[in-house]
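So you can see what is in the structure, the chains are spelled out below.
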Amino acid sequence: MGYMYYDWTWFIVMIPCLLLSLFCSAKVKSTFAKYSKIPNSRLMTGARAAEELLRANGVTGITIEHVRGNLTDHFDPRTNTIRLSDSVYSSTSVAAVGVACHEAGHACQHAEGYFPNKLRSAILPVASIGSKLSWLLIVVGLLLPTRYDFIVTIGIVLYAAAVLFTIVTLPVEFNASSRALKTIKENRFLTEEEYPGAKKTLSAAAMTYVASAATAILQLLRLILIFGNRRR
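This is a predicted model, so every value here is computed, not measured.

Participant: What should I look at first to understand the overall build of the chain in this one?
Facilitator: When helices and strands are tallied, the chain shows 6 helices and 3 strands. Going from the N terminus to the C terminus, the chain shows its helices and strands as α-α-β-β-β-α-α-α-α. If one aligns the C-alpha atoms of the chain with their principal axes, the spans along those axes are about 65 × 35 × 30 Å. Counting only residues that meet the buried cut, the chain has 45% of its 232 residues in that class. Here the chain contributes 24 positively and 15 negatively charged side chains, and the mean placements of these two sets differ by 7 Å.

Participant: Explanation requested: the nonpolar core in the structure shown.
Facilitator: In a soluble, globular protein the nonpolar side chains are often hidden away together inside. In terms of nonpolar packing, the biggest core is built from 33 residues, with L54, I82, L84, C101 and F189 touching the most fellow members. Only α1 (8–36), α2 (46–56), β3 (81–84), α3 (94–112), α5 (149–186) and α6 (195–231) provide two or more residues apiece to this core. At 10 residues, α3 tops the list of elements feeding residues into this core. Leaving out residues up to four positions away in the same chain, L84 has contacts with G46, A47, A50, I64, E65, H66, V67, D73, Y89, A100 and E103. Counting residues in hydrophobic clusters, the runner-up holds 11 residues, among them I138, Y159, L223 and I226.

Participant: Can you walk me through the environment of L54 in this structure?
Facilitator: Its location among the elements puts L54 in helix α2. Taking the C-alpha atoms as reference points, L54 and G105, 51 residues apart in sequence, are found 8.0 Å from one another. Setting aside residues up to four positions removed in sequence, L54 forms contacts with V59, I62, I64, I82, A104, A107 and C108.

Participant: What exactly am I supposed to notice about the layout of surface pockets here?
Facilitator: Of the pockets and cavities examined, the largest pocket occupies roughly 740 Å³. Surrounding the largest pocket, 29 residues form its lining, D73, E103, H106, E173 and Y209 being those nearest its centre. When contributions to the lining of the largest pocket are tallied by element, the ones reaching two or more residues are α1, β2 (74–76), α3, α4 (115–143), α5 and α6. The element that contributes the greatest number of residues to the lining of the largest pocket is α6, accounting for 6 residues. For the lining of the largest pocket, the residue count by class is 12 nonpolar, 11 polar and 6 charged.

Participant: What should I look at first to understand a nonpolar patch on the surface in this one?
Facilitator: A cluster of nonpolar residues, W8, W10, F11, I12, I15, L18, L19, L22 and L225, forms a patch on the protein surface that exposes about 870 Å² of accessible area. Here the nonpolar patch takes 8 residues from α1, the largest share from any one element. Along the chain, I15 falls in helix α1.

Participant: Please explain the sheet that holds β3 as it appears in this structure.
Facilitator: Where strands meet in a sheet, backbone hydrogen bonds hold them as pairs that are either parallel or antiparallel. Strand order in the open sheet formed by 3 strands is β1-β3-β2, with mixed pairing between adjacent strands. Each edge of the sheet is formed by a strand with only one pairing partner; in this case those strands are β1 (63–66) and β2. Recorded for the sheet is a direction-independent mean angle of 25 degrees between the axes of neighbouring strands. In the sheet, β1 pairs with β3 via 4 bridges, with the strands oriented parallel. Considered in β3, the bridge of E65 is made with R83.

What counts and how
Numbers given to residues run from 1 along each chain, matching the order in which its sequence is written. Under the rules for a predicted model, residues below a pLDDT of 70 receive no local features and side-chain atom pairs below 80 are neither given nor counted, while totals for whole chains, interfaces and linings still include all residues. The side-chain values count all of the structure's non-hydrogen atoms but skip hydrogen atoms and water molecules. A helix here means a DSSP run of H or I that spans at least four residues, while a strand means a run of E at least two residues long, and both kinds are numbered starting from the N terminus. Any residue under 20% of the maximum accessible area for its type is buried, any over 50% is exposed, and the rest in between are partly exposed; the area is computed with a 1.4 Å probe on protein chains only. The charge count includes Lys and Arg as positive and Asp and Glu as negative, but it does not include His or the ends of the chains. Charged groups are reduced to one reference atom each: NZ for lysine, CZ for arginine, CG for aspartic acid, CD for glutamic acid. What is meant by a nonpolar core is a set of buried Ala, Val, Leu, Ile, Met, Phe, Trp, Tyr and Cys residues, joined one to another through side-chain atoms within 4.5 Å. By definition in these notes, contact holds between two residues if any of their heavy atoms fall within 4.5 Å. Put plainly, a pocket is an open set of points on a 1 Å grid over the protein atoms alone with protein on both sides within 12 Å along at least five of seven lines, a cavity is a set where a 1.4 Å probe fits but cannot get out, and a lining residue has an atom within 4 Å of a point. Grid points are joined across faces, edges and corners, and a volume is the space filled by probe spheres set on the points. Residue type decides the class: Asp, Glu, Lys and Arg count as charged, Ala, Val, Leu, Ile, Met, Phe, Trp, Tyr, Cys and Pro as nonpolar, and the leftover types, Gly among them, as polar. The residues that make up patches have over 30% relative accessible area and no salt bridge, and they are joined within 9 Å when like-charged or within 5 Å when they are Val, Leu, Ile, Met, Phe, Trp or Tyr. Computed with a 1.4 Å probe, the accessible areas rest on the Shrake-Rupley method; for each residue, only the protein chains presented here act as cover. Definition used for salt bridges: Asp or Glu carboxyl oxygen within 4 Å of a side-chain nitrogen of Lys or Arg. Only when DSSP finds a minimum of two bridges between them are two strands counted as paired. Under this scheme, a helix contributes an axis fitted over its contacting stretch, all axes are lines through C-alpha atoms, and angles between N-to-C directions fall in the 0 to 180 degree range.

Purely geometric numbers; function is a separate question.
This is the structure in structure tokens:
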């Protein structure tokens, strides 16, 4: 039972992941802050950019709303609503255009039935349960005698569902950014000088999802290793 008090895998696996996550979070904030100070030459607001992207891709029936907060932008498929934050909705910055178009890209995915997006939605209920209950089951199972190892197994399976959700999220997020950047360039929302700012903003944001997926995968492998050592 000593590994429960000194777990070397946590230091080797999780500390690098924690540092990577912190780096990516700081990177997206600093990149967004940098390009939030640069207005686009068309003075196009984030809300307007989202509207124009939807129109350019023939997507209708989407509502665009303002939501409080910073970087709280998201698309809600349940109500077909794009919600843009304080720093995006009415901002004319290069960063705002990029973020708003990214969220509109999610709306386009939903409208056309983009498969990875549908798969993510299907996994969400189980992943939500897994993220809430998995650790409780794992910890309780490890504290009990080995004949109750099935509790740990259930916990790991539930956690694996949450990990799968983070993996499926990657193509969804990358595709939304790809749609955004393609439309921005083809329809000249931004000039050639401004475009790289939007691309860097979305690339920095995408890395946070990569870090999250990497952390989740390594955490799953760590749990399997701990459980395997217990059974031996």
